[in-house]
Amino acid sequence: MEFEAVIGLEIHVELKCVAKMFCDCPNRPGDEPNANTCPTCLWFPGATPRLSQDVLEKASLLCLALGAELQPKSAFDQKVYYYPDLPKGFQLSQAHLPLSRGGSIDITDENNEIKRLRIHHIHMEEDVAKLVHEMEGRQPISLVDFNRAGAPLVEIVTEPDFRTPYHAMEFLKALRTQVRYSGSSECSMENGTMRVDANISIRPKGTTQMNTKVEVKNMNSVRHVGDAIAYEISRQGAAVEMGEAVVLHTRLWDPDKKVTLPMRAKFEGPCIPDPTVPVIELSPAWIETMRSRLPETPAVRTGRLVKKYGLSNEEAALLSTDPEVAVYFETLTAEGVTPRVAMNWLITQLVPALKDRRQEAGSSPVTPTRLAALLKMLAKEEINANAAREVLSYMFDSVDSPEAIVAAHGFQQVSDSASIESLVDKVISDQPAAVADFRSGQGKVLGFLIGQVVQASGGKANPKVIRELLTRKLGGKP
Ligand SMILES: [Zn+2]
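Worth saying up front: this structure is predicted, and the values here are computed from it rather than measured.

Caption draft 1: A look at the pairing of strand β14 (residues 249–254). Of the pairings in the sheet, the one linking strand β13 (residues 214–219) to β14 comprises 4 bridges and is parallel in character. Paired with Glu215 across the two strands is Thr250, which belongs to β14. Crossover β13 to β14 through helix α3 (residues 222–241) is left-handed. Bridge analysis of β14 against strand β15 (residues 259–262) gives 4 bridges, and the strand direction is antiparallel. Counterpart to Arg251 in the pairing with β15 is Pro262. Taking the residues that link successive antiparallel strands as the turn, the β14-β15 hairpin has 4 residues, and the phi of Lys258 there is positive, at about 55°.

This is the structure:
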């Protein structure tokens, strides 16, 4: 029998807020354990939570960026469960009246067709504490770190519109781009600021029934989500073919063994309205103010970059994926770098280097102004492209200007003919075979000879000057 999958996603996104959701403690889970705590986020009895305005605004921007409708009235519920990472016995979440409903993302599917994947609702939720399991001598112990307790999250719950792992992966990539644009979250699966659960069931292809689903929890890369869904579809298919029933339960993806494994379910209690956090009422005027604060969407920015800078659609889309990179590009061009050079250096040099160093374009020590200064030296032929790449790598660890780095490391390009001429003469006498090939009409040998001279100069000789000297000495163009 041929099956098709019915897949829905639940995506937790950590909001990029300075403080926690219901108190003023810093929202920095990575600090010294339990450094960022107070009675409210240690969940002491009697401490009253106050919803942060910043959290509400960032969450609302995120909803609007995904085309969702902010609800005039939303409220918090107590999601009851008991676990050592939640000693108060409930998590503040929005079960009955979520912040927004609706919204969607369009993706291009495997057949190159546009598929709309709908969002059911988006709600706010506080994060729980973190359990750390360690050994004390031979004794296994568990420690609780409350730095993460009360960290602001939103959960995006989709409709079960997905049919393939590809749909899920494309949706997540587009979601990440759009949420980053809203400025609400870095949405990094590597850093744990975006986590994905998938609900998966299968049914005979062409039918519309909804069968028992299995939930795969806590996946932390787009690829894992795709792999886990593919695995689960074939596992459920095989079970059904064998005449077994699919049982409702929760599984975890094991990225090493490439399988999903059943996990023990937490006790889940009821969701009851919370009496402490006031109901959130959003006026139409406030919602419009939020909407006006949304930056350009990636699609709109792509179109504008094509028009304004003469980039191809593909290049502009590449730059627009990360809003910080797009802003960086425009600042570079405003500093006088040509759009083509700015684009090439960003995509082939700066972005890979930032990735290696886990830096963001907007906060890197290599600011657009410094990179522009470097690229101007390149344009003026004060340094060559090789040297420019080396200077760039120094710039990540130094506050010196590119000019100072060039001077300190002797990266200046040598362009005066006299000093290059002796090197050219030496290469001509050292490479009789290549010289003979050139004279017999094999023009491509010239590149090799230029390379030899550049090497002899320690990488500093200006290739343009070498080319002129070589062609003149070898008797013009072959
Ligand atoms: Zn606190």
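Text resumes after the structure shown.
Caption draft 2: Quick look at the packing of helix α1 (residues 53–65) against helix α4 (residues 284–293). Following both chains from N to C, one finds α1 and α4 inclined at 70°, their axes separated by 9 Å at the closest point. Judged by the inter-axis angle, α1 sits roughly perpendicular to α4. With respect to the hand of their crossing, α1 and α4 are arranged in right-handed fashion. Contacts between α1 and α4 involve Gln53, Leu56, Glu57, Ser60, Leu61 and Leu64 from the first element and Trp286, Ile287, Met290, Arg291 and Arg293 from the second. When grouped by side-chain class, the residues that make up the contact of α1 with α4 number 6 nonpolar, 2 polar and 3 charged.

Caption draft 3: Seen up close, the side chain of Thr333. Looking at where Thr333 falls in the secondary structure, it is placed in helix α7 (residues 323–334). Residue Thr333 is classed as buried on the basis of its relative accessible area of 14%. With residues near it in sequence (within four places) discarded, Thr333 still touches Tyr309, Pro339 and Ala342.

Caption draft 4: Spatial organisation of the pattern of salt bridges. Counted according to the given criterion, the structure contains 30 salt bridges. Between Asp24 and Arg50 there is a salt bridge whose closest N-O contact spans 3.9 Å. Of the two residues, Asp24 sits in the loop between β1 (3–14) and α1 while Arg50 sits in the loop between β1 and α1, which places them 26 residues apart along the sequence. Judged by its relative accessible area of 52%, Arg50 is exposed. One connected set of salt bridges, linked through shared partners, spans Glu296, Arg301, Arg304 and Glu330.

Caption draft 5: A look at unusual backbone geometry. The residue Asn218 is not glycine, and still its phi comes out positive at about 60°. Tracing the backbone through its elements, the reader meets Asn218 in strand β13. Its identity is not glycine, yet Glu381 carries a phi of approximately 60°, on the positive side. By secondary structure assignment, the location of Glu381 is in the loop between α9 (368–379) and α10 (385–395). Look at Glu381 and you get partly exposed, because its relative accessible area is 30%.

Caption draft 6: Representation of the packing of α7 against α9 within the structure. The N-to-C vectors of α7 and α9 enclose an angle of 50°; their axes lie 9 Å apart at closest approach. As the angle between them shows, α7 and α9 are arranged oblique. At the point where α7 passes α9, the crossing takes the right-handed sense. Across from Tyr328, Thr331 and Leu332 in α7, the residues of α9 making contact are Pro368, Leu371 and Ala372. Broken down by class, the residue content of the contact of α7 with α9 amounts to 5 nonpolar, 1 polar and no charged.

Caption draft 7: Expanded view of helix α8 (residues 339–356). The first and last C-alpha atoms of α8 sit 24 Å apart over 18 residues, in line with the 26 Å expected at 1.5 Å per residue. Remark: the principal bend of α8, roughly 45°, maps to Leu346. Residues of α8 that are buried in the fold lie against α6 (313–320), α7, α9 and α10. Of the residues one or two after α8, Arg358 is the one with positive phi, at around 55°.

Caption draft 8: Region of the structure containing α4. Buried within α4 are the following residues: Trp286, Ile287 and Met290. Along the axis of α4, the buried residues cluster in a sector spanning 100°; they form a single face. Exposed and facing more than 90 degrees away from the buried side of α4 are Pro284, Ala285 and Ser292.

What counts and what doesn't
Residues numbered from 1 in each chain as written. Predicted model: local features only at pLDDT ≥ 70, side-chain atom pairs only at ≥ 80, totals over all residues. Heavy atoms only, no water. Pairing = 2+ DSSP bridges. Helix = DSSP H or I, 4+ residues; strand = E, 2+ residues; numbered from the N terminus. Right-handed = clockwise from strand over helix to strand, strands pointing away. Axes fitted to C-alpha atoms, helices over the stretch in contact; angles between N-to-C directions. Parallel < 35°, antiparallel > 145°, perpendicular 65-115°, else oblique. Left-handed = near helix turned anticlockwise from the far one by under 90°. Contact = heavy atoms within 4.5 Å. Nonpolar A, V, L, I, M, F, W, Y, C, P; charged D, E, K, R; others polar. Buried < 20%, exposed > 50% of the residue type's maximum accessible area, 1.4 Å probe, protein only. Salt bridge = Lys/Arg side-chain N within 4 Å of Asp/Glu carboxyl O. Expected span 1.5 Å × (residues − 1). Bend = angle between axes of the 7 residues up to and from the residue. Arc of directions from axis to C-beta.

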